[in-house]
Amino acid sequence: MKKLDKTLIIGIGNNTRQDDGLGWCFLDSLEKEGINTENLVYKYQLLVEDADLISEYETIFFVDANKILLKEGFSIEQLYPSEKVNFSTHSVPPNQILNLCETIYLKKPKAYVVKIQGYNWDFEIGLTKQANINLKKSLKYFREINF
Amino acid sequence: MNPKKIIIDPVTRVEGHGKVTVKLDENNKVKDAYLHVVEFRGFEKFIQGHPYWEVPIIVQRLCGICPVSHHLAAAKAIDQLVGVDPENLSITATKLRKLLHYGQVFQSHALHFFYLASPDLLFGIDAPAEKRNIVAVAANNRELAKKGILMRKFGQEIITTLSGKKIHGTLAVPGGVHKSFTSKQFEYFLDGKQIPSIDSMIAWSKEVIDFMKSYHFKNSEWVDNFVNYPSNHLGLVDKKTGALELYDGNIRSIDYEGNELLNIEDIEYRNHFKEAVEPWSYMKFPYMTKYGRENGWNRVGPLARLNTCSHITTPLAEIERQIFKAYTKNKPNNMTMYTHWARLIELLHCAESIKELLLDEDILGDDLVRKGTPRTKGIGVIEAPRGTLIHEYHIDDEGLITKCNLIVSTTFNNEAINRGVRTVSKDILNNQPEITETMLNQIEMAIRAYDPCLSCATHALGEMPLIVQLEDNQGNLIHEKIR
C-alpha cells in the first residue's frame, strides 16, 4: 500500500446521484492504485467536526463534482481559510472548515480543491460518459503532480 | 392606517427552510403570526410498494441529523411485521439499539447546544448577525468550541461503530440487529487513548449544565419571561416507573399544571390522535382527539420530556433534574428557553447511559435476531432528540408497503412553535414600523428553542434559511427581512 504522509484526500458527493459520485469515484481509483485507505475519506458533505479531522494533516485535497463548465473538464485550485459564514449543520464549505481548523486547532494545512465537471444528477448509480472522461483526466494530472 | 403583515424568511440556525408571517391590525398591533413550512417531499407516499425490510434503511434518508431515530422508529415498527414486540427482542439487540440511540441523541444535543444555541447565549440577542455563529464561538472560546466538536464526534463514533457509517448506516434488521460489539471497541470508548473517554463526556456534559445554570441565574428575568406560554407536554415514559424513556415506553401527556391527560401504550396512538391541516403550511398539526384541535396540542422534546417523566434513572442527570424541577416547585415548566437547559440534562443522561451500556457485557452477546408470527401492521414510537417520533406501516401479502404514516417531532411541535412565534411577535412587534435585526433574532430564538427539523417534518431536503414579512390587513407586503 502506498501511504501519503500527512496527506488526506476527501471525496465529497453521493454515488447514487450519477455524476455527484465523481468525488467518490476519484477515491475508488486511488484505492485501486494502492493508496492506503487511511488517507481517503468519503463524505456526503463536510461538517463542522471535519475541522478536527483535517487538523491532523499537512495537506488536504477536497475532491468534488462541479456543475459549472471547466475548460479542461477539471481544475485544481489552492484553497484558503474564509471568515465568511454560510453555515448549516447539513454542510459547511471547505474554506470555512479551514477557517475553523485554524481558529480552534491553530493549524493551517495546505489545501486544494479538485473540481471535476459533471453533467447529470438523477437518482442513478454510475457516471455519465463525459464525466468519466473528466475523471480520468483529473486523475492523470493528480498523479503527475503528486507522484 | 391599514393593518400590516411581517414575514421572516428564511429562519436561520434551524434545519430546513421556513417563513414567518406576522399580521398587524388597524392599530399596528400584532393580530396573528404563522410559521409556514413550504417544503414538500412526500416520503409517506413514495415508500409505498417497497418491501418492508427496506424501510429502516430508506426512511433514515429523511434527515442527515437524526437518521438513527428514523432508522430505529422504523425498525420497531418492522419488528412487529415479523411478529416481534419490543419486550420480545433479545437483550443484546435491545441494548445495542439503545446504545446507538443514546449516541445519536448525545451527538444531536451537542450539535444543537454548541453549534446553534450557544451563539445566542454567549453573545446575547443584540449581537450582530455576523457574530452569532459557530465560527465566532470558536474565536471567542476555543476550548468550548473544541469540546463541542469532540462531544459531537464521540456520539458520531458510537454510531459509526454500531452502524458502519456516521450518517445513514444500518444496525437494526427485522427482529433485531445484525452485529454486536467487540471488547476492543469497548476500550476505544473507555480508555481515552484515541478519543476523549466516556468519562470526559460525562464531565464535559456537567460543565455545560453548570454554564447553563449560571446563564439562567444571570438572565433569569429575560429567560423566565421570553416566550412563556402554557401548553400540554408529551413524551415517552417507562411503562412501570414513569421514568424518562427514550427508546420504548408509554405515551404520556400532561397539561400545563401537571394534570395527566393521556397515558397509553404507544401502539394505541391511532385511537388518541388526529392530524389537522392548514392551507398555509405543509406541516400537519397533531392533537389529542379527546381534547380537540384547540386544546389537544402538545409540546414535545427535552422540556416536555422532563415535564412528563417522574424521574431519570441515571444518578447525575437525576440530581440535575431535581434542581431543574425545583425552580418551578415541581410543577411543569412552560418557559420555552428552559428547553436548552433540559436538553443539556438529557445530554448528561445519554453520556451516563452510554457508559452503563459500554460496561454491560450483554452487548457482546450473539443472540441478535428473533422471529414471531408475521403481521400486517407495525407501529414504532421513539423519542428522537427533538421529541416523540411515530412510524406506522401496513403491508400486503407479499410484504410490500401499502400505507405509511409518519408523525415526526417537529410536526408534534408545530402548534407550539406557532404559538411561540405569536407570543414573541406580540411582545416585540406591536407598533413597530419595521423589523430590526434584534427582533428578527428573537423570533428565530422562539423557533430555535425547539431545534426544529423542517426537513424531517415535511420530509424535505436542505438547509433552513428564514424570511420574515410584514403585511397589512389587505395582505400587502410592507417590510421584509431576509437572511
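Residues numbered from 1 in each chain as written. Chains lettered and ligands numbered in written order. Predicted model: local features only at pLDDT ≥ 70, side-chain atom pairs only at ≥ 80, totals over all residues.

## Observations concerning the overall build of chain A
Argument step 1. The number of helices and strands found in chain A is four helices and five strands.
Argument step 2. Helices and strands appear in chain A in the N-to-C order β-α-β-α-β-β-α-β-α.
Argument step 3. Computed over its C-alpha atoms, the radius of gyration of chain A comes to 15 Å, within 12% of the 15 Å expected for a compact globule of 147 residues.
Argument step 4. Considered along the principal axes of its C-alpha atoms, chain A spans approximately 40 × 35 × 25 Å.
Argument step 5. Sorting the 147 residues of chain A into buried and exposed places 42% on the buried side.
Argument step 6. At a minimum sequence separation of 6, the contacts of chain A that also span at least 24 residues come to 74%. (Helix = DSSP H or I, 4+ residues; strand = E, 2+ residues; numbered from the N terminus. Rg over C-alpha atoms; globule rule 2.2 N^0.38 Å. Buried ≥ 20, exposed ≤ 12 C-beta atoms within 10 Å, placed from the backbone. Contact = placed C-beta atoms within 7 Å.)

## Some points on the overall build of chain B
Argument step 1. Each helix and strand in chain B was counted, giving 17 helices and 16 strands.
Argument step 2. In terms of overall dimensions, chain B is globule-like: its C-alpha atoms have a radius of gyration of 22 Å, near the 23 Å expected for 483 residues.
Argument step 3. Once the C-alpha set of chain B is aligned to its principal axes, its extents read approximately 70 × 50 × 40 Å.
Argument step 4. Counting over 483 residues, chain B shows a buried share of 55%.
Argument step 5. Long-range pairs, those at least 24 residues apart, make up 72% of the contacts in chain B between residues at least 6 apart in sequence.

## Brief notes about the sheet that holds strand β14 (residues 401–407) of chain B
Strand pairing in a sheet takes place through backbone hydrogen bonds and is either antiparallel or parallel in direction.
Residue and element names in this part refer to chain B.
Argument step 1. The sheet built from three strands is open, its strands ordered β12-β13-β14 with antiparallel pairing. The open sheet terminates on both sides in strands that have one partner only, identified here as β12 (377–384) and β14. For this sheet the average axis-to-axis angle between neighbouring strands, irrespective of direction, equals 10°.
Argument step 2. As judged from the six bridges shared by strand β13 (residues 387–395) and β14, these two strands associate in the antiparallel manner. In the sheet register, Ile390 faces β14, and the bridge partner there is Ile407.
Argument step 3. Packed onto the sheet, helix α3 (residues 67–81) meets β12 and β13 and runs at close to 150° relative to β12. (Pairing = 2+ DSSP bridges. Axes fitted to C-alpha atoms, helices over the stretch in contact; angles between N-to-C directions.)

## Overview of the pairing of strand β2 (residues 40–43) of chain A
Residue and element names in this part refer to chain A.
Argument step 1. By the bridge criterion, four bridges tie strand β1 (residues 7–12) to β2 in an arrangement that is parallel. Across the sheet, Ile12 pairs through a bridge with Lys43, a residue of β2.
Argument step 2. Between the parallel elements β1 and β2, the chain passes through helix α1 (residues 22–32) in a crossover that is right-handed. (Right-handed = clockwise from strand over helix to strand, strands pointing away.)

## Some details on helix α8 (residues 198–218) of chain B
Residue and element names in this part refer to chain B.
Argument step 1. With 21 residues, α8 extends 30 Å between its outermost C-alpha atoms, agreeing within 8% with the 30 Å of an ideal straight helix rising 1.5 Å per residue.
Argument step 2. The complete set of buried residues in α8 reads Ile198, Met201, Ile202, Trp204, Ser205, Val208, Ile209, Met212 and His216.
Argument step 3. The elements touched by buried residues of α8 are α4 (91–123), α6 (142–163), α7 (183–190), α9 (220–225), α12 (315–326) and α13 (338–358). (Expected span 1.5 Å × (residues − 1).)

## Some details on the environment of Gly34 of chain A
Residues and elements named next belong to chain A.
Argument step 1. Tracing the backbone through its elements, the reader meets Gly34 in the loop between α1 and β2.
Argument step 2. A tally of 9 C-beta atoms within 10 Å means that Gly34 is categorised as exposed.
Argument step 3. Taking the C-alpha atoms as reference, Gly34 lies 31 Å from Pro81; in sequence the two are 47 residues apart.

## Re unusual backbone geometry
Argument step 1. Of note in this structure, Lys6 of chain A is not a glycine but carries a positive phi near 55°.
Argument step 2. Following the sequence through the fold, Lys6 of chain A ends up in the segment before β1.

## Brief notes about the packing of α8 of chain B against α13 of chain B
Residue and element names in this part refer to chain B.
Argument step 1. The geometry of α8 relative to α13 is characterised by a closest axis approach of 9 Å and an angle of 165° between their N-to-C directions. Regarding the angle of α8 to α13, the classification is roughly antiparallel. For the element pair α8 and α13, the recorded crossing hand is left-handed. Along the contact surface, α8 presents Ile198, Met201, Ile202, Ser205, Lys206, Val208, Ile209, Met212 and His216, while α13 presents His340, Trp341, Leu344, Ile345, Leu347, Leu348, Ala351, Glu352, Ile354, Lys355 and Leu358.
Argument step 2. Looking at the contact of α8 with α13 residue by residue, the classes come out as 14 nonpolar, three polar and three charged. (Parallel < 35°, antiparallel > 145°, perpendicular 65-115°, else oblique. Left-handed = near helix turned anticlockwise from the far one by under 90°. Nonpolar A, V, L, I, M, F, W, Y, C, P; charged D, E, K, R; others polar.)

## Some details on the sheet that holds β1 of chain A
All names here are of chain A.
Argument step 1. Spatially, the five strands line up as an open sheet ordered β2-β1-β3-β5-β4, and their pairing is mixed. Each edge of the sheet is formed by a strand with only one pairing partner; in this case those strands are β2 and β4 (74–79). Averaged over all neighbouring strand pairs, the angle between strand axes comes to 20°, with direction disregarded.
Argument step 2. Looking at chain direction, β1 and strand β3 (residues 59–66) are connected through six bridges and run parallel.

## Digging into the confidence of the model for chain B
Argument step 1. Across chain B, pLDDT averages 88, with 91% of residues at or above 70.
Argument step 2. In the predicted complex, the global pTM is 0.88; the interface-specific ipTM is 0.80. (pLDDT = per-residue confidence, 0-100.)

## So, the environment of Asn120 of chain A
All names here are of chain A.
Argument step 1. Tracing the sequence through the fold places Asn120 in the loop between β5 (110–117) and α4 (129–146).
Argument step 2. Between the alpha carbons of Asn120 and Asn66 there is a distance of 11 Å; along the sequence they are 54 residues apart.
Argument step 3. Apart from the residues within four sequence positions on either side, Asn120 is in contact with Gln18, Asp19 and Thr128.

## Overview of the packing of α3 of chain B against α4 of chain B
Residue and element names in this part refer to chain B.
Argument step 1. At a minimum axis distance of 9 Å, the contact between α3 and α4 shows a crossing angle of 150°. The orientation of α3 with respect to α4, classified from their angle, is roughly antiparallel. Relative to α4, the crossing made by α3 is left-handed. Taken together, the residues of α4 that come into contact with α3 (itself represented by Val68, Ser69 and Leu72) are Arg97, Leu100, His101 and Gln104.
Argument step 2. By residue class, the composition of the contact of α3 with α4 is three nonpolar, three polar and one charged.

## Looking at helix α16 (residues 437–448) of chain B
Residues and elements named next belong to chain B.
Argument step 1. Taking 1.5 Å of rise per residue, the 12 residues of α16 would be expected to cover 16 Å, and the 16 Å separating its terminal C-alpha atoms lies within 8% of that figure.
Argument step 2. In terms of burial, α16 is a largely internal element, 10 of the 12 residues being buried.
Argument step 3. Those residues of α16 lying buried are Met439, Leu440, Asn441, Gln442, Ile443, Glu444, Met445, Ala446, Ile447 and Arg448.

## Considerations on the environment of Ala129 of chain B
Argument step 1. Mapped onto the fold, Ala129 of chain B is located in the loop between α4 and α5 (134–140).
Argument step 2. Along the chain, Ala129 of chain B and Met212 of chain B lie 83 residues apart, while their C-alpha atoms are 22 Å from each other.

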